[in-house]
Amino acid sequence: MSELPPKTSVRRWLVTTNHKDVGILYTVTALFFLIMGGMLALLIRLQMWEPGAQVLSGIAYNEAVTTHGLIMVFWFLSPFGFGFANYFVPLQIGADDLAFPRLNALSYWMFALSGILMGISYFQGGTLSTGWTMYAPLNVPMYTPSLGSTGAILALAMFVIGITASTVNFLTTIHHSRAEGMGLMDMPLFTWSMLATVYMMLFAFAALLAVALILLSDRILGSIYFSATEGGALLWGHLFWFFGHPEVYIVFFPALGVMLELFQSFSGNRLVGRKWVIIAICLISIQSFLVWTHHMFLTTINLEVKTLMMATSIGISLPFDLVVFSLIYTLIKGRIRFTTPFLFAFGALLLFILGGITGVFLGAIVLDYEFRGTYWVVAHFHYVMFGGATALFGGAYYWFPKMSGKMYDEFLGKVHFVVFFIGFNAVYFSMFLAWETPRRVFDYDPAFQSMHRFGTIGAFVLGLSFFIMFYNFAKSYVSGPDAPDNPWEYTRTAEWAVPSPPPLENWGGRPSYASGKLEFVSEALTTPDDDHDGPAAATDGGHGEDHIESYPYWDKHASHASIWPFALSLATGIFFFGLSGVASSFDITTAETLAGTGITVSNPVYPIFTAIGLVGLIWTAVKWGLEDFYAPPMEIAERWPFEGVEKVKLGMWFFLASDVIVFGAFISAAVFIRVAAGWYTWEPLTDSLPGLINTFVLLTSSFTVILALVYARRKSRAGLIANLVATMLLGFTFLSIKLWEWHHEIYDVGVTLTQNSHGDPVQATIYYVTTGLHGIHVVIGLLIAGFLLVRAWNGAYQEDSRPVEYFGLYWHFVDIVWVILFPLFYLF
Amino acid sequence: MASDSIKLYALVYVALVGLATSKFVFFEFDQFFTYEQAFAGTMGAAALKGALIVGYYQHLKWENRSLTYLMAVALAFALLLMAAATYSIT
């Protein structure tokens, strides 16, 4: 652990793990990507100035459309909301920081560096040109062969890895670190909105990670999932939209949370129907996973599923109606103050209502046949996603005084809103008026030219409006008046009870809502012995807080600095950059035997980057594991519904829930393609005996892992080491059998990644990729086991066996996955 | 608090090995089982194995029940994706 440098030092921003710093980094970086995505949007609009214009070449236009969508959805909208979430969720719930500060910094750096990878992809022979939905088979190398296309998808995968870490972090924080007396229903609505967001992200982004991994397998290894005639293109549709529809709400909910806060603050009134709004938010979160095929109405999926999801799609508008009426009625009952933040929040509501109503048309099968593939869709989703996100700019003005310690210029803020609102409607409403224009195509009926020119002018006005905001914030930060703790007349959340900006440790005393209102409890430092019967036992109905005893934080300060999140992310970025060109760097000469197979390296640059990145990944991960970084859980906190679950264990379970979806998507892909091919036409590719032996091997390793934990608890160093060694040996045995099996299949039977002498080639692809992904999980498990073994050899885990238990959770999960894979690939 | 009984974990291990073997038997002795019966038996054994591992080795049996619900939701979403996607092409 190193000390946190001052804010004027660049090093501060590389090593900080403090949630407020990370929040600022997210916000500023997201605004950078807003400019990047916005410039691409202006290029698109220039191309639309006249039918068939050639400002950009055809392929460059497709690239601009694709990366504009990807950057705005992934690198601007969500991270902008997460900037505020990073800064304010811990403050709103009375926490000191997020549950895992280093993981939080890692999420940020993964996001930032993945965005740079996305930018680099432009210089790798051109970036992805498929549209942001990346539909198959356009997304396979046959149609998008550039290295940059692979680079863009790797950037997306890296982004999702960071998002997964962030999701686990927020879920654990909100469920583990709420101040005393703050039940779930008592949480501020922005925090509620973020909780629903991260729950949706936990499951939705896991599906995106799975589909990105499958696509990367197609692009780098040469597998044939999405070019398979056995439903490959439809498979992409299902996996992508299982993620894609919840993503709409994932993007919108942070903005909704801001709207809910701002409507209260600037109407001076508590939200009408608060409890019902929370229920509606929960309902929408669940329903968001039940509507995805309405994006596939024009495909060949059957009418029953289309009809069912048409009904569920209409159904999801009902809880939204409740939220909208609650917002309107809150205003009616209150006394509105038309400040800049409120104007943006109110504008967001108007724009979102229009976006929502126009979306109902797309949820109806018959109408969707007419509207799909036109500018109606483009206009609709900009009104929903960007319109909703308009509230985030309101959030920026609302919280700018808290984050910067300075007041912004109210007049300039209002000018920004007026210019923004005019520009927004000029560009997007004109799309409704010219809705028959085909989407993603820059040649269109000249009858729509005036509308598109109007839209292009509107786009420049919209773009200009942000520079008013940048100027306002920059000027105010340099020379604006100091902001008081609470510059608003009526607020309901805890961030306004601390100085602007808040101190590093957030609170002077321990925040508590036990009396029904926010109080700061001054407590003398207690000792671990005192604590056992004292404050900790008083929380959460007396649930055992025995894990607290393991954190001797009475003699240490929490850590706020670590270079390893940045270093690990950088190594990942280098590794992924290398991977983007690996496929084109090797020439493999096939032969009858492995020994005869020749590999020629035609371009060493990418393999070198891959190797450096991989070594860097392992090195930085080990340094991370060895670092003395201290992030104790809150001593007294509300933890319903996860009382008694230790912080890291809770995070581990959230991660495993996400991994269930990742493997679930891979297994779903296998089942889907097999059904498309005809279930009974496939026989297992391999003999079942090696699979059975490997099943026994993995089950035995699970047994040795649990024995390792038992011996660690019994403080038996020898027993712990012996069982960790046994686990590793069994893991290596599993991999050896697996490699032997692959070698046998390739060189004796003739089944390769793309060739199958017994039947459909895609069957071989599915077998190798799915068991390969499982094998990678085993390798990662072995690396962790090796780390634990070295530490155990040096005497670790005698006093604190929890790391062994957490490793076991992972290892057993890998075993459970094999329980499904064995019958799927060896018996069925 | 999870059990520290090696005997209990050994019994679970024996059950797991038995269930794994049963899957193999279902398909190796196809004179006794139809494909559908073997399929159903194997999936049943797999479900039981998964429950034993997660319940005992991952200690979910002794944990806060909310963790079980969390994993159940994840599993339900995965099954929903598989079922709806597959049914959509029938």
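Analysis parameters
- Residues numbered from 1 in each chain as written.
- Chains lettered and ligands numbered in written order.
- Predicted model: local features only at pLDDT ≥ 70, side-chain atom pairs only at ≥ 80, totals over all residues.
- Heavy atoms only, no water.
- UniProt positions renumbered as here; feature names shortened; annotations may be inferred.
- Helix = DSSP H or I, 4+ residues; strand = E, 2+ residues; numbered from the N terminus.
- Rg over C-alpha atoms; globule rule 2.2 N^0.38 Å.
- Contact = heavy atoms within 4.5 Å.
- Areas by Shrake-Rupley, 256 points an atom, 1.4 Å probe, with all protein chains shown as cover.
- Lys, Arg positive; Asp, Glu negative; His and termini not counted.
- Charge placed at Lys NZ, Arg CZ, Asp CG, Glu CD.
- Expected span 1.5 Å × (residues − 1).
- Buried < 20%, exposed > 50% of the residue type's maximum accessible area, 1.4 Å probe, protein only.
- 1 Å grid on protein atoms, 1.4 Å probe; cavity = no way out; pocket = protein on both sides within 12 Å on 5 of 7 lines; lining within 4 Å.
- Points joined across faces, edges and corners; volume = space filled by probe spheres on them.
- Domains from an automatic or database assignment.
- Buried area = accessible area lost by both parts, 1.4 Å probe.
- Salt bridge = Lys/Arg side-chain N within 4 Å of Asp/Glu carboxyl O.
- Polar contact = N/O pair within 3.5 Å; in protein donor to acceptor, adjacent residues only side chain to side chain.
- Nonpolar A, V, L, I, M, F, W, Y, C, P; charged D, E, K, R; others polar.
- Core = buried A, V, L, I, M, F, W, Y, C linked by side-chain atoms within 4.5 Å.
- Phe/Tyr/Trp six-rings, centres within 6.5 Å; stacked < 30°, edge-to-face > 60°.
- Axes fitted to C-alpha atoms, helices over the stretch in contact; angles between N-to-C directions.
- Parallel < 35°, antiparallel > 145°, perpendicular 65-115°, else oblique.
- Left-handed = near helix turned anticlockwise from the far one by under 90°.

An unreviewed UniProt entry annotates chain B as Cytochrome C oxidase subunit IV originating from Halopenitus persicus. Turning to chain B, the UniProt annotation filed under Subcellular location (unreviewed entry) states: "Cell membrane".

Chain A carries the name Cytochrome c oxidase subunit I+III in an unreviewed UniProt entry, which gives Halopenitus malekzadehii as its organism. Database annotation for chain A, UniProt heading Subcellular location (unreviewed entry): "Membrane". Its UniProt record gives chain A the following Sequence similarities (unreviewed entry) comment, quoted word for word: "Belongs to the heme-copper respiratory oxidase family."

Asker: When you look at the overall build of chain A in this model, what are you seeing that I'm missing?
Answerer: Within chain A, the regular secondary structure consists of 23 helices and four strands. Relative to its length of 828 residues, chain A is compact, with a C-alpha radius of gyration of 27 Å against a globular reference of 28 Å. Overall, the C-alpha framework of chain A stretches about 80 × 75 × 50 Å when taken along its three principal axes. Sequence separation of 24 or more characterises 82% of the internal contacts of chain A that already satisfy a separation of 6 or more. Counting only carbon and sulfur atoms, one obtains 68% of the accessible surface of chain A, whose full area is about 29000 Å². A distance of 7 Å separates the average location of the 39 positive side-chain charges in chain A from that of its 56 negative side-chain charges.

Asker: Just checking my understanding: could you explain helix 9 (residues 303–315) of chain A for this structure?
Answerer: Each α-helix turn comprises 3.6 residues. Residues three or four places apart therefore point the same way. Between its first and last C-alpha atoms helix 9 of chain A spans 18 Å; for 13 residues at 1.5 Å apiece the expected length is 18 Å, and the two agree. What helix 9 of chain A keeps buried is the set Val305(A), Lys306(A), Met309(A), Ser313(A) and Gly315(A).

Asker: Teacher, can you tell me more about empty space enclosed by the protein here?
Answerer: Using a probe with the size of a water molecule, rolled over the atoms, empty space left in the structure can be pinpointed. Residue and element names in this part refer to chain A. Evaluated as defined, the whole model comprises four cavities of 30 Å³ or more. Taken as a whole, the largest cavity spans an internal volume of roughly 150 Å³. Surrounding the largest cavity, 14 residues form its lining, Arg674, Trp682, Gln763, Leu824 and Phe825 being those nearest its centre. Mapped by element, the contributors of at least two residues to the lining of the largest cavity are helix 19 (647–677), helix 22 (761–793) and helix 23 (802–827).

Asker: Help me out: how do you make sense of the domain arrangement of chain B in this one?
Answerer: Interfaces are often described in size by the accessible area the parts lose on coming together. Under the domain assignment, chain B is made up of domain 1 (1–58) and domain 2 (64–90). On a C-alpha basis, the centres of domain 1 of chain B and domain 2 of chain B stand 21 Å from each other.

Asker: Explain the interface of chain A and chain B here, please?
Answerer: The interface is formed by 67 residues belonging to chain A together with 52 residues belonging to chain B. Both faces considered, chain A and chain B share a buried interface measuring about 5100 Å² in area, 77% of it formed by carbon and sulfur atoms. Remark: the boundary between chain A and chain B carries two salt bridges. For Arg713(A), the salt bridge is made with Asp4(B), and the minimal N-O distance between the two is 3.0 Å. Inspection of the chain A/chain B interface yields 17 residue pairs in polar contact (both at pLDDT 80 or more). At 17 residues, helix 19 of chain A tops the list of elements feeding residues into the side of chain A that touches chain B. Its residues assigned to classes, the side of chain A that touches chain B comprises 49 nonpolar, 10 polar and eight charged.

Asker: I tried to follow the environment of Gly578(A) on my own but got confused; where do I start?
Answerer: All names here are of chain A. Relative to the elements of secondary structure, Gly578 occurs in helix 17 (residues 564–582). Once the C-alpha coordinates of Gly578 and Phe609 are considered, the two residues, 31 residues apart in sequence, prove to be 4.6 Å apart. In contact with Gly578, not counting residues within four places along its chain, are Tyr606, Phe609 and Thr610.

Asker: I'm lost on the nonpolar core in this one. Help?
Answerer: Proteins that are soluble and globular tend to have nonpolar side chains buried together. All names here are of chain A. Phe74, Trp75, Phe205, Phe226, Phe253 and Phe393 are the most contacted members of the largest nonpolar core, which has 303 residues in total. Counting residues per element, this core draws most heavily on helix 6 (residues 189–221), at 24 residues. The contacts of Phe393, once residues within four sequence positions are left out, are Leu34, Phe76, Phe80, Phe344, Phe386, Phe420, Phe466 and Met469.

Asker: Please explain the pattern of salt bridges as it appears in this structure.
Answerer: Any two side chains of opposite charge can pair, so long as their charged atoms come close to each other. Per the counting criterion, the structure on display carries 16 salt bridges over all chains. Residue Lys649(A) pairs with Glu63(B) through a salt bridge whose shortest N-O separation is 2.5 Å. Taken together, the positions of Lys649(A) in helix 19 and Glu63(B) in the loop between helix 2 (35–57) and helix 3 (65–87) put the pair across two chains. Judged by relative accessible area, which is 11%, Lys649(A) ranks as buried.

Asker: Teacher, can you tell me more about the packing of aromatic side chains here?
Answerer: In this description, a pair of aromatic rings is defined by centroid distance and the angle of the planes. All names here are of chain A. For the structure on display, the rule yields 107 aromatic pairs over all chains. Between Phe266 and Tyr398, the aromatic rings sit 5.7 Å apart at their centres with planes inclined by 75 degrees, giving edge-to-face as the arrangement. Residue Phe266 is located in helix 7 (residues 232–267), and its partner Tyr398 is located in helix 13 (residues 375–404); the two are separated by 132 residues in the primary sequence. Both residues of the pair, Phe266 and Tyr398, belong to the buried class. On the numbers, 6.4 Å between centres and 55 degrees between planes, the contact of Phe344 with Phe393 is tilted. Taken together, the residues Phe344 in helix 11 (residues 340–362) and Phe393 in helix 13 connect sequence positions 49 residues apart.

Asker: I tried to follow the UniProt feature "transmembrane region" (unreviewed entry) in chain B on my own but got confused; where do I start?
Answerer: In the numbering adopted here, UniProt assigns the feature "transmembrane region" (unreviewed entry) to residues 6–26, 38–57 and 69–89 of chain B. Overall, residues 38–57 of chain B shows 100% helix and 0% strand. The separation of its end C-alpha atoms is 27 Å.

Asker: I keep staring at helix 5 (residues 147–176) of chain A and nothing clicks. Help me out?
Answerer: Between its first and last C-alpha, helix 5 of chain A extends 43 Å over 30 residues, near the 44 Å set by a 1.5 Å rise per residue. Helix 5 of chain A sits mainly inside the fold: 28 of its 30 residues count as buried.

Asker: How should I be thinking about the packing of helix 5 of chain A against helix 19 of chain A in this particular structure?
Answerer: For any two helices packed against each other, one specifies the inter-axial angle together with the distance between the axes. All names here are of chain A. Direction vectors running N to C along helix 5 and helix 19 enclose 135 degrees, while the axes themselves pass 9 Å from each other. Relative to helix 19, the element helix 5 is oriented oblique. Taken as a pair, helix 5 and helix 19 cross one another with a handedness that is right-handed. Taken together, the residues of helix 19 that come into contact with helix 5 (itself represented by Thr164, Val168, Leu171, Thr172, His175 and His176) are Lys647, Leu650, Gly651, Phe654, Phe655 and Ser658. In the contact of helix 5 with helix 19, the residues fall into five nonpolar, six polar and one charged.

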